[in-house]
Amino acid sequence: MVATPDAAARRHDRLQRKMSSRHLTMISFGGVIGTGLFLSSGYTISQAGPLGTVLAYAIGALLVYLVMLCLGELSVAMPWTGAFHVYAKELIGPGTGFVVAVLYWLTWTIALGSEFTAAGAIMRHWFPTTPVWMWAAIFIVVVFASNVFSVRVFAEAESWLAGVKVFAIIAFIVLGTLAIVGIIPMTDGSPAPGLGGLIRDGIFPNGFGAVLTTMLTVNFAFSGTELIGVAAGETADPSRNIPRAIRTTLVRLTVFFIGSIVVMAALIPWQEAGVSASPFVTVLDMIGVPHAGDLMNIVVVTAILSAANSGLFASTRMLWSLANEGTVPKIVAHTTMRGVPVVALALSMLGGLLALLSSVVAADTVYLALVSISGLAVVIVWMAIAACQFVFRRRWLDAGHSPAELGYRTPGYPWVPIAAFIGSAASCILIVFDPSQRSALYWTVPFVALCYAGHALALRRGWVKA
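Taking an unreviewed UniProt entry as the reference, the protein chain is identified by name as Amino acid permease belonging to Actinomyces ruminis. Here the protein chain is described in UniProt, under the heading Subcellular location (unreviewed entry), as follows: "Membrane".

Next comes the structure, spelled out in structure tokens:
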């Protein structure tokens with residue numbers, strides 16, 4: 001049976017549909033463009049080498065494109081809040097739906113704690129005598145306020161925050177390109193580097209295997225694109241706005257990510273790249289942009305607040321969806337007159353504060369385990385999205401429908417969902433060969449098994465609905 005009856009649609013459609021295609025695109029940018037690009041990209045360059053990093057990000061962009069093609073069909077056919085968690089429940093099984101929701105909620109909740117701390121630490125660059133907790137508290141209030149008034153207030157705030165990041169990346173790519181071709185001189189007087197830096201020490205200086213082992217880091221940098229699916233239940237005219245947002249987001253993200261990586265990889269010696277300083281700051285210093293550190297700190301603080309804003313939205317909607325399904329107490333699904341799930345919002349923010357606390361008092365135990373699990377969680381969610389689209393289309397055809405009846409259909413079925421599933425699974429498995437990331441599997445596999453076992457017990461005891 002295809003999971004699109006009117007009764008099911010009503011069950012997942014109790015929030016207000018106020019978001020436009022522009023809002024969806026900027027929310028997705030808000031979740032994706034953050035410290036993964038502004039800071040962690042330097043680590044990827046140092047591991048995979050210049051051209052290897054470009055290749056890794058190109059593969060990551062292709063994988064996220066395949067996943068989003070799958071999500072597009074599902075989101076237009078079933079534009080429900082909670083999206084892929086509900087799809088997994090309806091199309092694969094209640095246990096998988098629960099695991100997907102918990103993993104995705106945990107990902108963004110853990111991110112909240114680390115982002116508030118990071119933003120507070122950066123503010124001390126300008127106000128060295130102030131404590132980090134004071135700035136973290138201010139940002140917590142700002143992000144909570146952005147989410148609590150209405151979905152339109154949140155969407156507009158996120159659009160402006162994400163807009164700052166987009167402008168900064170475009171400016172960076174333009175300035176970097178001018179430096180590569182010699183129009184802007186290097187401050188050390190060296191000649192225009194061109195693109196020779198991409199292969200200065202060979203195509204893959206650390207071997208091709210290094211490209212593969214960095215894929216989880218690269219895929220994590222693209223995580224957040226799937227926020228379009230989370231927001232589907234609050235999108236006006238989803239059959240038109242969701243496909244448009246997916247197309248726009250994927251094209252711009254590919255240009256922004258790969259364009260930035262090419263500039264960094266061409267200008268920065270790969271042995272000197274890392275996470276001790278933002279590669280963006282390094283490049284701007286190399287071409288003599290005044291106050292490069294201050295400018296990028298402003299952008300990074302904005303990026304962190306934008307990611308926290310989108311993250312709180314995502315974790316709130318996932319928790320609301322669980323309550324709406326009867327998996328957690330119904331009170332969590334309560335909404336204000338403006339359609340804001342305020343109880344789920346408060347609980348998600350509390351989860352972020354607990355994550356923040358664990359990073360201080362149990363950084364080597366509890367917090368390490370949570371971060372390890374959340375690092376794999378998004379890619380596991382991508383696997384679920386691909387599997388759901390495969391099952392959905394098969395049921396749609398078995399029910400006597402044709403693909404032409406779908407408002408948006410994933411091209412290349414069944415090969416696109418199969419490739420998306422295998423590619424996502426491979427990036428998880430490949431971290432076995434990276435000692436620095438291998439521990440993530442040690443925590444995530446038992447945690448997922450525990451979630452399945454806990455949900456099965458709760459179903460048997462009647463604590464949750466099937």
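Q: Would you take a moment to explain unusual backbone geometry for this structure?
A: Across residues other than glycine, the phi torsion is negative in most instances, and most of the peptide bonds are trans. At the junction of Tyr413 and Pro414, the peptide bond is cis and its omega measures out at 5° in the coordinates. One non-glycine residue, His291, adopts positive backbone phi at about 55°. Inspection of the secondary structure assignment puts His291 in the loop between α14 (279-286) and α15 (292-324).

Q: Hey, could you run me through the packing of helix α16 (residues 342-361) against helix α17 (residues 366-398) in this one?
A: Think of two packed helices as two axes; the pair is described by the angle between the axes and how far apart they sit. Across the interface, α16 lies against α17 with an axial gap of 7 Å and an inter-helix angle of 125°. Looking at the two axes, α16 sits oblique to α17. Mapping the contact onto sequence places Ala355, Ser358 and Ser359 in α16 and Val366, Tyr367 and Leu370 in α17. Its residues assigned to classes, the contact of α16 with α17 shows four nonpolar, two polar and no charged.

Q: Looking at this model, I keep getting lost on α16. Mind explaining?
A: Since the α-helix advances by 3.6 residues per turn, residues separated by three or four positions end up pointing in the same direction. The first and last C-alpha atoms of α16 sit 29 Å apart over 20 residues, in line with the 28 Å expected at 1.5 Å per residue. Within α16, the full set of buried residues consists of Ala344, Leu345, Ser348, Met349, Gly351, Gly352, Ala355, Leu356 and Ser358. For α16, the elements touching its buried residues are α7 (94-123), α8 (132-148), α15 and α17.

Q: Looking at this structure, how should I read the side chain of Ser427?
A: Summarising the element assignment, Ser427 is placed in helix α18 (residues 415-429). Classification of Ser427 as buried rests on a relative accessible area of 3%. For Ser427, the side chain forms a polar contact with the side chain of Asn219, separated by 3.1 Å. Ignoring anything within four residues of it in the chain, the contact list for Ser427 reads Met215, Leu216, Asn219 and Val379.

Rules of the game
Residues numbered from 1 in each chain as written. Predicted model: local features only at pLDDT ≥ 70, side-chain atom pairs only at ≥ 80, totals over all residues. Heavy atoms only, no water. UniProt positions renumbered as here; feature names shortened; annotations may be inferred. Helix = DSSP H or I, 4+ residues; strand = E, 2+ residues; numbered from the N terminus. Axes fitted to C-alpha atoms, helices over the stretch in contact; angles between N-to-C directions. Parallel < 35°, antiparallel > 145°, perpendicular 65-115°, else oblique. Contact = heavy atoms within 4.5 Å. Nonpolar A, V, L, I, M, F, W, Y, C, P; charged D, E, K, R; others polar. Expected span 1.5 Å × (residues − 1). Buried < 20%, exposed > 50% of the residue type's maximum accessible area, 1.4 Å probe, protein only. Polar contact = N/O pair within 3.5 Å; in protein donor to acceptor, adjacent residues only side chain to side chain.

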